[in-house]
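These are the residues of each chain, in order.
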Amino acid sequence: QIFFYQIERWRALIARYIENTLSERDASLYKALIIGDRSSIAPEVTEILKRAGIMHLWAISGLHLGLLSIISFLIIYWLLRRSERLILSCNVKKASLALTLPLLLFYALLAGFQPPAARAFIMTSFMVGALSWDRFHSTIVTLSGAALFILLLDPMVIESPSFQLSFAAVAAIILGAPKL
């Protein structure tokens, strides 16, 4: 309970900082991009973003968590490789992967843990877990495990276009990337 209260306090502090630092229009977009707060985006800006086909970029989702996971992995991996003792005692890549998960969870919670962020966190967690525990045999199998886990939590989400499109898009990327 206290942890979630603290997350909301940090979210409010970030929002206030953005509002005090940037113009009103810019602040509304940055709040949407950073903490997932789209409440202050003007209706005309929302309409422009919809017509441009980029409204989905303002939802904290796989794009945001994917970028954060890559950046945090690279930084953690770089830091852990500085220690000769760590290099000799453990697999630094796997440790770096495992250490990215708490950061991703924190960011997903900071962004309000909306369904797209929760889904992206679960998918990323399954991929990281499979890689960390040498259980990564196929990306489609790992993706299917993430889908099954989400469906176990809420079976009715299968009717959601957001759920269907998220998994269809990731599956298309997984299957199409090798051919490109």
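Our subject is the structure that appears above.
Residues numbered from 1 in each chain as written. Predicted model: local features only at pLDDT ≥ 70, side-chain atom pairs only at ≥ 80, totals over all residues. Heavy atoms only, no water.

A. Main features of helix 7 (residues 115-132). If you check helix 7, its first and last C-alpha atoms are 25 Å apart, about what 18 residues at 1.5 Å a residue would give, namely 26 Å. By the criterion of burial, helix 7 is predominantly enclosed, with 13 of the 18 residues buried. Two residues or fewer past helix 7, Asp134 is found with a positive phi of approximately 55 degrees. (Helix = DSSP H or I, 4+ residues; strand = E, 2+ residues; numbered from the N terminus. Expected span 1.5 Å × (residues − 1). Buried < 20%, exposed > 50% of the residue type's maximum accessible area, 1.4 Å probe, protein only.)

B. Fine view of a nonpolar patch on the surface. Together, Ile54, Leu57, Leu63, Leu67, Ile71, Ile75, Trp78 and Leu79 make up a nonpolar patch on the protein surface, roughly 720 Å² of accessible area in all. For Ile71, the position within the fold is in helix 4 (residues 62-80). By relative accessible area, Ile71 is classed as partly exposed at 48%. (Patch = residues over 30% accessible without salt bridge, like charges linked within 9 Å, V, L, I, M, F, W, Y side chains within 5 Å. Areas by Shrake-Rupley, 256 points an atom, 1.4 Å probe, with all protein chains shown as cover. Salt bridge = Lys/Arg side-chain N within 4 Å of Asp/Glu carboxyl O.)

C. Representation of the packing of aromatic side chains. If you walk through the whole model with that rule in mind, you get six aromatic pairs. Each ring, one from Trp10 and one from Phe106, has its centre 5.4 Å from the other, and the planes form 65 degrees; the classification is edge-to-face. Placement of Trp10 in helix 1 (residues 2-21) and of Phe106 in helix 6 (residues 92-110) is noted, with a sequence separation of 96 residues between them. Relative accessible area serves as the criterion here: at 31%, Phe106 is assigned to the partly exposed category. With 5.6 Å between their ring centres and 10 degrees between their planes, Phe73 and Tyr77 make a pair best called stacked. One end of the pair, Phe73, and the other, Tyr77, are both in helix 4, four residues apart, so they sit about a helical turn from each other. Taken individually, Phe73 and Tyr77 each receive the classification buried, so the pair is uniform in this respect. (Phe/Tyr/Trp six-rings, centres within 6.5 Å; stacked < 30°, edge-to-face > 60°.)

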